[in-house]
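Descriptive analysis of the structure
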Amino acid sequence: MNPYNPDGIKLKKFRRYYTALDPMWQKPKNRIYTTIIFSFLAISLFGWFAIRPTIQTILLLQREIQDKQHVNIQMEEKIADLIEARTQLDLIVNKLYLISDAIPQTTQPIDLSLQLRNMISSNQTDMQTLSIGKVPIAENDGNTKLENALKSTEFTINTSLINGYPQLENILIGLNNMRRLVTVRSMNFSQETDSGSNSESSMTVPVKLSLQLEAYNK
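The shown structure was predicted, so the numbers you read here are calculated from the model rather than taken from an experiment. (Residues numbered from 1 in each chain as written. Predicted model: local features only at pLDDT ≥ 70, side-chain atom pairs only at ≥ 80, totals over all residues. Heavy atoms only, no water.)

**Quick look at the nonpolar core**
Note the following rule: We define a nonpolar core as any set of buried Ala, Val, Leu, Ile, Met, Phe, Trp, Tyr and Cys residues linked to one another through side-chain atoms lying within 4.5 Å. With a 1.4 Å probe rolled over the protein chains alone, any residue whose accessible area is under 20% of its type maximum counts as buried; one over 50% counts as exposed, and the rest are partly exposed. To qualify as a helix, a DSSP run of H or I must reach at least 4 residues; to qualify as a strand, a run of E must reach at least 2; elements of each kind are numbered from the N terminus. By definition, residues are in contact when any of their heavy atoms lie within 4.5 Å.
If you look at the biggest cluster of nonpolar residues, it comprises 18 residues, and the most contacted ones within it are Leu112, Leu116, Leu175, Met178 and Leu213. Among the secondary structure elements, those contributing two or more residues to this core are helix H4 (109–122), strand S2 (154–163), helix H6 (165–177) and strand S4 (207–216). In terms of residues, this core owes the most to one element, S4, which gives 5 residues. Not counting the four nearest positions on each side in its chain, Leu116 is found in contact with Ile157, Leu175, Met178 and Leu213.

**Focus on a nonpolar patch on the surface**
The line we're drawing: The patches described consist of residues with a relative accessible area above 30% and no salt bridge, like charges being joined within 9 Å and nonpolar side chains (Val, Leu, Ile, Met, Phe, Trp, Tyr) within 5 Å. Here, Shrake-Rupley sampling with a 1.4 Å probe gives the accessible areas, and only protein chains in the shown set may cover a residue. Salt bridge criterion: a side-chain nitrogen from Lys or Arg within 4 Å of a carboxyl oxygen from Asp or Glu.
A contiguous nonpolar surface patch, about 750 Å² in accessible area, is contributed by Leu45, Phe46, Trp48, Phe49, Ile51, Ile55 and Leu59. By the element assignment, Leu59 lies in helix H2 (residues 28–92).

**Some remarks on the sheet that holds S4**
Note the threshold: Paired strands, in this sense, are two strands between which DSSP finds at least two bridges. For helices, the fitted line uses only the C-alpha atoms of the stretch in contact; every axis is such a line through C-alpha atoms, and the angle between N-to-C directions lies from 0 to 180 degrees.
Pairing is antiparallel in the open sheet, where 4 strands are placed in the order S1-S2-S4-S3. In this open sheet, the two strands that pair with only one neighbour each are strand S1 (126–132) and strand S3 (182–191). The sheet shows a mean angle of 15° between the axes of neighbouring strands, taken without regard to direction. Most of the contacts of H6 go to S4, to which it runs at about 5°, and overall it touches S2, S3 and S4.

**A look at the pairing of S2**
Counting buried residues along S2, 7 of its 10 residues qualify, which places the element largely inside the surrounding structure. Sheet topology note: the S1/S2 ladder contains 6 bridges and is antiparallel. Across the sheet, the residue bridging to Leu130 is Thr159, located in S2. Where S2 lies against S4, 10 bridges are found, and the strand directions are antiparallel. Residue pairing for S4: Thr156 is matched across the bridge by Glu214.

**Some remarks on the pattern of salt bridges**
For the structure on display, the rule yields 3 salt bridges. Among the ionic pairs, Asp101 bridges to Arg179, the shortest N-O distance being 3.4 Å. Taken as a pair, Asp101 in helix H3 (residues 97–102) and Arg179 in the loop between H6 and S3 lie far apart in primary sequence, 78 residues in all. One salt bridge in this structure joins Arg185 and Glu214, with 2.7 Å as the shortest N-O distance. Separated by 29 residues along the polypeptide, Arg185 in strand S3 and Glu214 in strand S4 bring together distant segments of the chain. The partly exposed category is assigned to Arg185, whose relative accessible area is 48%. Residue class for Glu214 comes out buried when judged on its relative accessible area of 9%.

**A closer look at the side chain of Arg180**
The line we're drawing: A residue counts as positive if it is Lys or Arg and as negative if it is Asp or Glu; His and the chain ends are not included. In the analysis that follows, any N or O atom pair within 3.5 Å is treated as a polar contact, provided that within protein one partner can donate a hydrogen and the other can accept it, and provided that, for residues neighboring in sequence, both atoms belong to side chains.
When you line up the elements, Arg180 lands in the loop between H6 and S3. No salt bridge is formed by the buried Arg180; the nearest opposite charge belongs to Asp111, separated by 6.6 Å. Here Thr107 takes part through its backbone oxygen, which lies 2.7 Å from a polar atom of the side chain of Arg180. When neighbours within four sequence positions are excluded, Arg180 is seen to be in contact with Asp101, Ala102, Pro104, Thr106, Thr107, Gln108, Leu112, Gln115, Phe155, Ala215 and Tyr216.

See the structure below:
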């Protein structure tokens, strides 16, 4: 052996291990077990690399299924809400005209004045004055200021009435029950008395009611 060859020293050192394993390898049973073990390891290793993409695909598909199930639940909830909304709409569709009556497409000041006059007359009340505030009548595309002014959705009505408290109270109740939406912006009561009416009941003394109303349109 070459004293300058360290590999030879290493081989001699580990040769006894090789010689110890050689008799074990020569036994048929040990060879069979060893072959089976290494075959199993090889199959497991190659099998893992072979089925790994399939496992990853399965996991990905499972996540997509869960996401789609979640989306499906949300869609079913929205469909249920739409069905409920449609059911409610069917219940009120025959009453939608009340919205147009309350807030018409146009101002319709004359129609509203007639409604007020008829209601006041039915309560046997005198109407002293009735005035309507500025109401847009027509549009002018060439005038920007006028076009902006016409976007107003409300106008005022001022009126003064004379009657007893019960009749005036009925008129205020009638205003509240009108289909046309009318808001009482201000009201003022003042007694219409003379020197010979001091002995009369407060329920029969003529009272002047001044009203400022506000009406709306779309």
